[in-house]
Amino acid sequence: MLPRLTLRRLLEGHHVSCRALGVRLLGSHHNHQREWSGQQQQTRHKQQVLATLAGVGAGIALWMKYNHQTAAKLETADETQKYGVYQNGLPEYTLEDVSKHATIKDRVWVSFGSGVYDITDFIAKHPGGDKILLGAGGSVEPFWALYAVHKNPHVLDLFEQYRIGNLAAQDVGESVKNMDDPYANEPRRHITLKPSSKQPFNAEPPLSLLVDNLITPNELFYVRNHLPVPDIDASTYELELFDEESQKEKTLTLKDIKKYPKQTITATVMCAGNRRSEMIKVKPVKGLSWGQAAVGNATWSGARLCDVLKDMGIEDGKTSAVHVQFEGLDTDPTSMPYGGSIPIEKALDPHGDVILAYEMNGEPIPRDHGYPVRVIVPGVVGARNVKWLGRIIVSKDESNAHWQQNDYKGFAPNVDWDTVDFKKSPAIQELPVISAICEPLEGETVKVKNGKIKIRGYAWSGGGRKIVRVDVSSDEGKNWQAADALESDKARHPRAWGWTIWTAEVPVPKGKSKVQLCVKAVDSQYNTQPENFENIWNLRGVLSNAYHRVNINLAK
C-alpha cells in the first residue's frame, strides 16, 4: 500500500517511482526498466494512482525492512525513552484511525511508538519541507530510521507538543516489525573522519591533515550522504538517459560509459554547509555543524557528459532544454531518489568538464563517494555532484527533488522559518570564494621564530575562477600581507577547478601572548570574502565564507 502523499505529489507534478511491495528499496542496484514514453508511461501513471488509492497506514512500513526490538526504540535510548510512551488520560486510536488522516483536509496524523500526533499545524514550519508528509497517515519511524536527526531530545520535545492520543496496544510496533536496519550495509570509514551525523553518515577529516596533500586521499575525503549508501553491483549497473523534448531514451552500462574518451580533471568538491559551525555562533541555524573540512580536492576520470548527450542528438543550439536533472540510486522508503540539476549550458559546454566519473584519484570511486558512477560538475556546489548516478533527464524544468527546491538555497539575514519562501530563491550552483586556516588550529600554542609564525590553509572559488591572492593577518585584520606560496593544479584546463594550498610566514606583535589570525582569498574576478558572518547569516547556514579567524597562543 502506498501513502496518499504519493497521489498528492503526482497531482503536483512531482516525479515518483512507485514499486510493488516486496521490492528491496535499499541495498543492491535495481535493474528494472523505467517506462518513459507513450502508452507505457500512461500505464505506469495509472498504476501509481491506483496503488496510491489502495490506502496508507501500516502498509507504508512494509516497504523497508527495518528491525526494531520495540516501536519506541531510539538511537539514544537513555535520553529519549520518555518520548512516544503511553500517557494516561489520552484517547486511543488504531493504525486504521491514523490512516484516515493523511491529507491537510483531513488533518495529518502520524504515529510514533505508543503516541499519535496531529502535525497539521507544524507542516509549514518543518525545516525539511513537505518531506514531513512521508509518514502521513502512518508511522514516522521508518523515515526517522533514515533521518536520525529527529531522534534528538530537542526535536522530540517539539514533536510531543502535537500529541493527541495513544496508539492501540495491538498496533504498537506493527509498523516496524521484522524490518532490517537500512544502515546495516554501510561501507567502512577511516578512523580519523569526524562524524557530524552517523545515520546518514556525514564526516570530515581533521583540519590538520587537510592540506598535507594537494590531492586529498580517498580515505580522507569528506563524506556527505543524505540517505543510506546503496550497494551496487557494477556488472549489472545501468544508467538511464531520457530527453523529454524528443522522447528519446537510452541505457548505458558501465562498460558503455568507459567506451567514451576518458577525461581526467582535478576538481574540488565542497558542501554548501562547509564552515557552518562558525555561522552558528552568530545565531542558530538548521543543518549539520560542519567545520572547515567539508571540502576535498581529487582527480576524477570518466566520460564527458557533453559527449554522451551528443550521441542522443542533444547539442548546443539543437535543444530547447534548460536543465539537466540527475537522480541517484540512493532512495528513501517511498523510492524517491536523491536528485539535483544543473543548467543545460554547463552540461553541454566541452570546457565545462562535467563528467560521468568512474575513477577517483586513479581508482574506482569508493562506495561513499558514488561507486560505480558519479557526476562531477566542477565549480558547482557538491549537492549537484550526484552520487550513485542512476538517471539523467534533459528537461525544460529544474529538478523537483527536495534538495533542489527546498534546500541548498541562500536567504537574507532577516528571513526565518516563519517567513521563508524557497520559491523566491534560486538553487545554489557555483560557490563563492572561500579560504580557511588549517595550521595552526584554534587554541593551539605556536612557537615564534625570528618574530614570525608559519600558517597554512586552502583557498578555492567556484565557477573555475582561479585564486590569484591570499591575504593573511596576525592582528585581527588590521594589517595584511599576501601569502608567500600558492600551490595548485598545473594541468592546462580553461578553468581552475581545483583548490589552492597556501603558505605564509607572518610577523606577530611584540609582547603579545595571544593573537587572532585571519585569512581572505581573492579570485581571478577579484571577488573576495566578507568580513563577518553577521552580514551573510542565513537560516540554513550555507555559503559560509566570511574571513576565517583562528585564535592562538604564542610561545617564545
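Everything numeric in this text was worked out from a predicted model, so none of it was measured.

Thresholds applied
- Residues numbered from 1 in each chain as written.
- Predicted model: local features only at pLDDT ≥ 70, side-chain atom pairs only at ≥ 80, totals over all residues.
- Heavy atoms only, no water.
- Helix = DSSP H or I, 4+ residues; strand = E, 2+ residues; numbered from the N terminus.
- Buried < 20%, exposed > 50% of the residue type's maximum accessible area, 1.4 Å probe, protein only.
- Contact = heavy atoms within 4.5 Å.
- Areas by Shrake-Rupley, 256 points an atom, 1.4 Å probe, with all protein chains shown as cover.
- Polar contact = N/O pair within 3.5 Å; in protein donor to acceptor, adjacent residues only side chain to side chain.
- Salt bridge = Lys/Arg side-chain N within 4 Å of Asp/Glu carboxyl O.
- Arc of directions from axis to C-beta.
- Pairing = 2+ DSSP bridges.
- Axes fitted to C-alpha atoms, helices over the stretch in contact; angles between N-to-C directions.
- Phe/Tyr/Trp six-rings, centres within 6.5 Å; stacked < 30°, edge-to-face > 60°.
- Core = buried A, V, L, I, M, F, W, Y, C linked by side-chain atoms within 4.5 Å.
- pLDDT = per-residue confidence, 0-100.

## Here's the deal with the overall build of the chain
Phase 1 of the analysis: Within the chain, the regular secondary structure consists of 12 helices and 26 strands.
Phase 2 of the analysis: The proportion of buried residues among the 556 residues of the chain is 56%.
Phase 3 of the analysis: Pairs at least 24 residues apart make up 75% of the contacts formed inside the chain by residues separated by at least 6 positions.
Phase 4 of the analysis: Counting only carbon and sulfur atoms, one obtains 49% of the accessible surface of the chain, whose full area is about 23900 Å².

## Let's talk about the side chain of Q404
Phase 1 of the analysis: Its location among the elements puts Q404 in helix 12 (residues 402-405).
Phase 2 of the analysis: Only 3.0 Å separates the side chain of Q404 from the side chain of E398, close enough to count as a polar contact.

## Digging into the pattern of salt bridges
Phase 1 of the analysis: This structure, assessed with the given rule, holds 20 salt bridges.
Phase 2 of the analysis: Of the charged contacts in the structure, one is a salt bridge between E160 and R163, with a shortest N-O distance of 3.5 Å. Considered together, E160 and R163 belong to a single accessibility category, that of buried residues.
Phase 3 of the analysis: In this structure, the salt-bridge partner of K318 is E315, at a minimum N-O distance of 3.4 Å.
Phase 4 of the analysis: Owing to a relative accessible area of 24%, E315 belongs among the partly exposed residues under this scheme.

## Examining unusual backbone geometry
Phase 1 of the analysis: Omega for the bond connecting Q199 with P200 falls within 30 degrees of zero, at -5°, which places this linkage in the cis form.
Phase 2 of the analysis: With respect to the secondary-structure elements, P200 resides in the loop between strand 5 (194-198) and strand 6 (201-204).
Phase 3 of the analysis: Residue P440 is bonded to the preceding E439 through a cis peptide linkage, with omega at 5°.
Phase 4 of the analysis: By secondary structure assignment, the location of P440 is in the loop between strand 18 (434-439) and strand 19 (445-447).

## What about helix 6 (residues 153-160)?
Phase 1 of the analysis: Residues of helix 6 that are buried: L156, F159 and E160. Considered in projection along helix 6, the buried side chains sweep an arc of 95° and stay on one side of the axis.

## Regarding the sheet that holds strand 3 (residues 115-118)
Phase 1 of the analysis: Reading across from one edge, 1-4-3-2 is the order of the 4 strands in this open sheet, with mixed pairing throughout. Edge strands, defined here as strands with exactly one partner in the open sheet, are strand 1 (92-93) and strand 2 (109-112).
Phase 2 of the analysis: Direction of pairing for strand 2 relative to strand 3: antiparallel, over a ladder of 4 bridges. Bridge assignment links W109 to a residue of strand 3, and that residue is D118.
Phase 3 of the analysis: Taken strand by strand, helix 6 contacts strand 2, strand 3 and strand 4 (163-167), and its axis lies near 130° from that of strand 2.

## Observations regarding the pairing of strand 2
Phase 1 of the analysis: Every second residue of strand 2 is oriented toward a common face, with W109 and S111 on one face and V110 and F112 on the other, all of them buried.
Phase 2 of the analysis: Connecting strand 2 to the antiparallel partner strand 3 that follows it, the hairpin turn spans 2 residues, and G113 within it adopts a positive phi of roughly 60°.

## Let's talk about the side chain of N225
Phase 1 of the analysis: Here N225 shows up in the loop between strand 7 (223-224) and strand 8 (238-243).
Phase 2 of the analysis: Accessibility expressed as a relative area gives 0% for N225, which makes it buried.
Phase 3 of the analysis: Engagement of the side chain of N225 in a polar contact is seen with the side chain of K387, the distance being 2.7 Å.
Phase 4 of the analysis: If sequence neighbours within four positions are ignored, N225 has contacts with R189, P200, F201, N202, D368, K387 and W388.

## A word on the packing of aromatic side chains
Phase 1 of the analysis: Scanning the entire structure with this criterion turns up 12 aromatic pairs.
Phase 2 of the analysis: Ring plane angle 80° and centroid distance 6.0 Å describe the contact between F112 and F159, whose orientation is recorded as edge-to-face. You can see F112 sitting in strand 2 and its partner F159 sitting in helix 6, a full 47 residues away along the chain.
Phase 3 of the analysis: F112 gets classed as buried once you look at its relative accessible area, which sits at 1%.
Phase 4 of the analysis: A relative accessible area of 10% places F159 in the buried class.
Phase 5 of the analysis: Arranged with centres 4.6 Å apart and planes meeting at 45°, the rings of Y338 and W403 form a pair that is tilted. Separated by 65 residues along the polypeptide, Y338 in strand 13 (residues 337-343) and W403 in helix 12 bring together distant segments of the chain.

## Concerning the sheet that holds strand 7
Phase 1 of the analysis: Sheet architecture is open: 3 strands sit in the order 5-6-7, paired in antiparallel fashion. Among the strands making up the open sheet, the edge pair consists of strand 5 and strand 7.
Phase 2 of the analysis: Where strand 6 lies against strand 7, 2 bridges are found, and the strand directions are antiparallel. Bridge pairing in strand 7 places A203 opposite V223.

## Details of the pairing of strand 6
Every regular strand shows the same layout, with side chains that alternate between the two sheet faces.
Phase 1 of the analysis: Side chains F201 and A203 of strand 6 all project onto a buried face; the interleaved residues N202 and E204 project onto the opposite face, where all are buried too.
Phase 2 of the analysis: Across 4 bridges, the pairing between strand 5 and strand 6 is antiparallel. Bridged to S197 within strand 6 is N202.
Phase 3 of the analysis: Where strand 5 folds back onto strand 6 in an antiparallel hairpin, the turn is made up of 2 residues.

## Examining the environment of P366
Phase 1 of the analysis: Structurally, the position occupied by P366 is in the loop between strand 15 (363-364) and strand 16 (374-376).
Phase 2 of the analysis: The exposure class assigned to P366 is partly exposed, which follows from its relative accessible area of 25%.
Phase 3 of the analysis: In this structure P366 touches N218, M360 and Y371, once residues within four positions along its chain are discounted.

## Observations regarding the nonpolar core
Phase 1 of the analysis: The biggest cluster of nonpolar side chains holds 61 residues, and the ones touching the most others in it are F326, L356 and L389.
Phase 2 of the analysis: Beyond its immediate chain neighbours, meaning those up to four positions away, L389 contacts Y237, L239, F326, E327, G328, L329, L356, V373 and V375.

## What about the confidence of the model for the chain?
Phase 1 of the analysis: Counting all residues, the mean pLDDT for the chain is 84, and 82% of those residues have values of 70 or more.
Phase 2 of the analysis: Here residues 1-80 scores under 50 on pLDDT; set against residues more than four positions off or in separate chains, the count is 176 contacts.

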